[in-house]
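Each chain is listed here by its residues.
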Amino acid sequence: MNKATPLAVKAVVIDLDGTLLDTAPDLADAAMAMAADLGLPPIMQDEVKTYIGNGVSRLVKRVLTRDMQADPAPELFAQALPIYERHYAEWVSRKSRPFPGVVDGLKAFKAMGLRVACITNKAERFTHPLLKDTGLFDYFELILSGDSLPERKPSPLPLLHACQVFGIAPAELLLIGDSLNDTQAARAAGCPVFCVPYGYNRGRPVAELDLDAVVPSLVEASKLVVKA
């Protein structure tokens with residue numbers, strides 16, 4: 001699993017939900033409120049946590065159906081999505097916090113002279129307030145949200161776009177994430193990828209994924225890279 005380290009790169013791109021920030025409490029609160037508003041059975045945070053990772057629309061569909069892949073009735077989804085988004089916009093950073101080692105890891109990457117970006121499938125109207133409220137916004141010179149480009153992870157497009165912005169080859173950009181979406185995007189783009197084990201990989205261990213290293217934290221990740 002672990003390739004030769006240190007890995008020589010010029011940029012580090014980091015996922016948001018489950019990698020930088022523990023956003024599950026706020027996502028779950030919005031899901032529970034939506035379920036209550038719609039008269040659905042209650043849902044607990046631990047279950048919502050397994051539904052995170054493919055954007056708000058899929059999260060809402062999973063809460064409505066209690067299934068990873070099923071689609072609810074279109075009229076129910078059309079009713080539910082704005083309810084969820086209203087609750088989440090209100091609570092987006094109420095309980096969300098950086099995971100241990102995140103701030104020190106970001107500082108370490110910056111101190112190395114690496115370019116640092118955040119790429120998430122979360123919509124920009126949630127991404128920017130969340131990063132600002134948690135004090136992380138200024139660490140990133142590029143922030144790509146789920147609606148910034150025509151495609152989002154697991155498409156390689158956001159990673160290739162970051163390479164273009166930074167003027168580097170895909171092999172020189174490291175993605176750090178927490179899920180299958182991240183590893184699929186990285187492999188499709190030709191980028192190395194690390195995963196943290198504490199995030200939201202649909203309840204599955206990240207060690208099962210096609211990746212270059214499992215890193216306990218961003219601080220530990222910073223010890224495995226050098227500036228190319």
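Residues numbered from 1 in each chain as written. Predicted model: local features only at pLDDT ≥ 70, side-chain atom pairs only at ≥ 80, totals over all residues. Heavy atoms only, no water.

A. Structural context of the nonpolar core. Residues I14, L20, Y84, L106, F109, F140 and I176 are the most contacted members of the largest nonpolar core, which totals 56 residues. Grouped together as the second largest cluster of nonpolar side chains are 23 residues, V13, A117, A162 and V206 included. (Core = buried A, V, L, I, M, F, W, Y, C linked by side-chain atoms within 4.5 Å. Buried < 20%, exposed > 50% of the residue type's maximum accessible area, 1.4 Å probe, protein only.)

B. Spotlight on the sheet that holds strand β6 (residues 142–144). The strand order across the open sheet built from 6 strands is β6-β5-β2-β7-β8-β9, with neighbouring strands paired in parallel fashion. Each of the sheet's edge strands pairs with one partner strand only, and the pair in question is β6 and β9 (213–214). Sheet contacts for helix α7 (residues 157–166): β2 (11–14), β5 (115–119), β6 and β7 (173–177); angle to β5, the most-contacted strand, approximately 150 degrees. (Pairing = 2+ DSSP bridges. Helix = DSSP H or I, 4+ residues; strand = E, 2+ residues; numbered from the N terminus. Contact = heavy atoms within 4.5 Å. Axes fitted to C-alpha atoms, helices over the stretch in contact; angles between N-to-C directions.)

C. Structural context of the packing of aromatic side chains. A complete count under the given rule lists 3 aromatic pairs for this structure. With a centroid separation of 5.0 Å and 70 degrees between ring planes, the pair formed by Y88 and F126 is classed as edge-to-face. Taken together, the residues Y88 in helix α4 (residues 74–91) and F126 in helix α6 (residues 124–133) connect sequence positions 38 residues apart. The exposure class of F126 is buried, given its relative accessible area of 2%. (Phe/Tyr/Trp six-rings, centres within 6.5 Å; stacked < 30°, edge-to-face > 60°.)

D. Up close: unusual backbone geometry. Here the amide bond leading from K153 into P154 is cis, since omega sits at 15 degrees, within 30 degrees of zero. Structurally, the position occupied by P154 is in the loop between β6 and α7. We note that R66 has phi near 55 degrees; this positive angle belongs to a residue other than glycine. Along the chain, R66 turns up in the loop between α3 (56–65) and α4. Not every positive phi belongs to a glycine, and R202 is a case in point at roughly 55 degrees. Looking at R202, the relative accessible area reads 26%, which means it is partly exposed.

E. A look at α7. Looking only at α7, the buried set comprises P158, L159, A162, C163 and F166. Down the axis of α7, the smallest arc covering the buried residues is 145 degrees, so these residues share one side. Tucked inside the fold, the buried residues of α7 contact β2, β5, β6, β7 and α8 (180–189). Where α7 terminates, the next one or two residues include G167, which has phi positive at roughly 70 degrees. (Arc of directions from axis to C-beta.)

F. Here's a closer look at the side chain of R58. Mapped onto the secondary structure, R58 falls in helix α3. For R58, a relative accessible area of 19% translates into the label buried. A distance of 3.1 Å separates a polar atom in the side chain of R58 from the backbone oxygen of A70. Not counting the four nearest positions on each side in its chain, R58 is found in contact with M68, Q69, A70 and D71. (Polar contact = N/O pair within 3.5 Å; in protein donor to acceptor, adjacent residues only side chain to side chain.)

G. Highlighting the pairing of β5. When you tally the buried positions in β5, you get 4 out of 5 residues, the bulk of the element. Of the strand pairs in this sheet, β2 and β5 are connected by 4 bridges, and their pairing is parallel. Its bridge partner lying in β5, I14 is registered against C118. For the segment spanning β5, α6 and β6, crossover handedness is right-handed. (Right-handed = clockwise from strand over helix to strand, strands pointing away.)

H. Quick look at the pattern of salt bridges. A complete count under the given rule lists 15 salt bridges for this structure. A salt bridge links D210 to R187; its shortest N-O distance comes to 3.1 Å. Of the two residues, D210 sits in the loop between β8 (193–195) and β9 while R187 sits in helix α8, which places them 23 residues apart along the sequence. Assessed through its relative accessible area of 49%, D210 is described here as partly exposed. For E220, the salt bridge goes to K223, with nearest N and O atoms at 3.2 Å. Among the residues examined, E220 registers a relative accessible area of 32% and is labelled partly exposed. A relative accessible area of 57% means that K223 is categorised as exposed. In this structure, a network of salt bridges that share partners links the residues D15, K153 and D182. (Salt bridge = Lys/Arg side-chain N within 4 Å of Asp/Glu carboxyl O.)

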